[in-house]
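Observations on chain architecture
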Amino acid sequence: MKLYYSPGACSLADHIALQEAGLPFESERVDLRAKKTASGADFNAISPKGYVPALVLGNGELLTENAAILDYVANKAPALGLEGSLGRTRLLEALAFIGSEVHKNFKPFFAGGSDDEKAKAAENITRRTKYLADSFKGNYLFGDKLSVADCYLFVMTLWAQKVGVQLPAALDAFRDRMKQRPAVQTVMKAEGLI
């Protein structure tokens, strides 16, 4: 497998999940403005969507979108998924919420939004992350073991810190715990984030 990423982008979640899973993979940095990979390839030829994450599987098939890639990783590494008859459904529910209700609200911060747009987005992020913080069942979203949803949520906490959005204290503590994980440190070093 090969993951195409941009440092600190949402693809960081997939990068961390793959590292946590111990699955064999390669990674390649993408310059999203130039649409070129570190090796000089045209990224649009690899992923017609033109943005990360993009995961090329061993058979050449392409997966995009965090929820899909993280679900794939959880299927390949069940320790990062959830058990039980509703386990996968609950995991997809969390991934969808993080993607549609938290991730999307960062757009004004990264796409030149007005101060009013940023203030409204910050309010939405704080409210929606409070819901997540209140639903924690241990050190992580679903208890005391990491899931792929935690990898995605971690990236959102990094973004909030970067743009100055207030998060519930429980999520600040979660971000700090995640930063101590060896796989997280490995990936953040590889992406030049620490």
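This report concerns the structure included in the present document. (Residues numbered from 1 in each chain as written. Predicted model: local features only at pLDDT ≥ 70, side-chain atom pairs only at ≥ 80, totals over all residues. Heavy atoms only, no water.)

A word on the packing of aromatic side chains
The final tally for this structure, using the stated rule, is eight aromatic pairs. An angle of 55° between the planes, with centres 6.3 Å apart, marks the rings of Phe 106 and Phe 109 as tilted. Here the two residues Phe 106 and Phe 109 agree in accessibility, since each one is buried. Note on Phe 106 and Trp 159: the rings are 5.3 Å apart at their centroids and 80° apart in plane angle, and the pair reads as edge-to-face. Remark: Trp 159 occurs in helix 7 (residues 148–163) and Phe 106 occurs in the loop between helix 4 (87–102) and helix 5 (107–110); sequence separation between them is 53 residues. One aromatic cluster is present, built from ring pairs that chain together Phe 106, Phe 109, Phe 110 and Trp 159. (Phe/Tyr/Trp six-rings, centres within 6.5 Å; stacked < 30°, edge-to-face > 60°. Buried < 20%, exposed > 50% of the residue type's maximum accessible area, 1.4 Å probe, protein only. Helix = DSSP H or I, 4+ residues; strand = E, 2+ residues; numbered from the N terminus.)

Observations concerning the sheet that holds strand 5 (residues 62–64)
Through backbone hydrogen bonds, the strands of a sheet pair up, either in parallel or in antiparallel fashion. Taking strand neighbours across the sheet as the criterion, the five strands line up as 3-2-1-4-5 in an open arrangement whose pairing is mixed. Edge positions in the sheet fall to strand 3 (36–37) and strand 5, since each of these pairs with one other strand and no more. Where strand 1 (residues 2–5) meets strand 2 (residues 26–31), four bridges bridge the pair, whose relative direction is parallel. Bridge pairing in strand 2 links Tyr 5 to Arg 29. Contacts from helix 3 (residues 66–76) reach strand 4 (54–56) and strand 5, with the element oriented near 120° to strand 5. (Pairing = 2+ DSSP bridges. Contact = heavy atoms within 4.5 Å. Axes fitted to C-alpha atoms, helices over the stretch in contact; angles between N-to-C directions.)

What to know about helix 9 (residues 182–190)
Considered for burial, the residues of helix 9 that qualify are Ala 183, Val 184, Val 187 and Met 188. Down the axis of helix 9, the buried side of the element spans an arc of 125°, and every buried residue falls inside it. Across from the buried face of helix 9, at angles greater than 90 degrees, the exposed residues are Pro 182, Lys 189 and Ala 190. Buried residues along helix 9 sit against helix 1 (11–21), helix 7 and helix 8 (169–180). Following helix 9 by one or two positions, Gly 192 adopts a phi angle in the positive range, close to 75°. (Arc of directions from axis to C-beta.)

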